[in-house]
Amino acid sequence: MAYITSSHFDTDSTSSGLLKTISEFVSAWMEASAAYAAYSALSTKSNTQLAARGLRRQDIARSAMGLPALVRE
């Protein structure tokens, strides 16, 4: 009887785990798509155009990869 109960709980946790995994994947996909769109739009700009906005090419790459900004002196 304990085996059946354990098996039943495993099935429930597996289905909820699968839904959680799918949800996390979709969320990550959307975040990555937004970062890629921003990077694509800004990567076509020249260094002069970026500087006019207060940006550097390194800032855009770090932001797209989710890395923290570099400390400037």
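Calculation rules
Residues numbered from 1 in each chain as written. Predicted model: local features only at pLDDT ≥ 70, side-chain atom pairs only at ≥ 80, totals over all residues. Heavy atoms only, no water. Helix = DSSP H or I, 4+ residues; strand = E, 2+ residues; numbered from the N terminus. Buried < 20%, exposed > 50% of the residue type's maximum accessible area, 1.4 Å probe, protein only. Areas by Shrake-Rupley, 256 points an atom, 1.4 Å probe, with all protein chains shown as cover. Contact = heavy atoms within 4.5 Å. pLDDT = per-residue confidence, 0-100. Patch = residues over 30% accessible without salt bridge, like charges linked within 9 Å, V, L, I, M, F, W, Y side chains within 5 Å. Salt bridge = Lys/Arg side-chain N within 4 Å of Asp/Glu carboxyl O.

### Let's talk about the overall build of the chain
A count of helical and extended segments in the chain gives three helices and zero strands. When the 73 residues of the chain are sorted by exposure, 5% land in the buried category. Surface accessibility of the chain: about 6200 Å² in total, with carbon and sulfur atoms responsible for 64%.

### Digging into the environment of Leu-50
With respect to the helices and strands, the residue Leu-50 is situated in helix α2 (residues 47-52). Taking relative accessible area as the criterion, Leu-50 reaches 1% and is therefore assigned buried. Dropping the residues within four chain positions of it, Leu-50 is found in contact with Leu-42, Lys-45, Leu-55, Arg-57 and Ile-60.

### So, the environment of Ser-63
Residue position: Ser-63 is located in helix α3 (residues 57-64). Once the C-alpha coordinates of Ser-63 and Ala-35 are considered, the two residues, 28 residues apart in sequence, prove to be 7.8 Å apart.

### A look at the confidence of the model for the chain
Mean pLDDT over the chain stands at 75; residues scoring 70 or higher make up 73%. Averaged pLDDT values over the elements of the chain bottom out at 73 in α3 and peak at 86 in α2.

### Comments concerning a nonpolar patch on the surface
Together, Leu-18, Ile-22, Phe-25, Val-26, Trp-29 and Met-30 make up an exposed nonpolar region whose accessible area comes to about 680 Å². Inspection of the secondary structure assignment puts Met-30 in helix α1 (residues 2-43). Given the relative accessible area of 56%, Met-30 is considered exposed.

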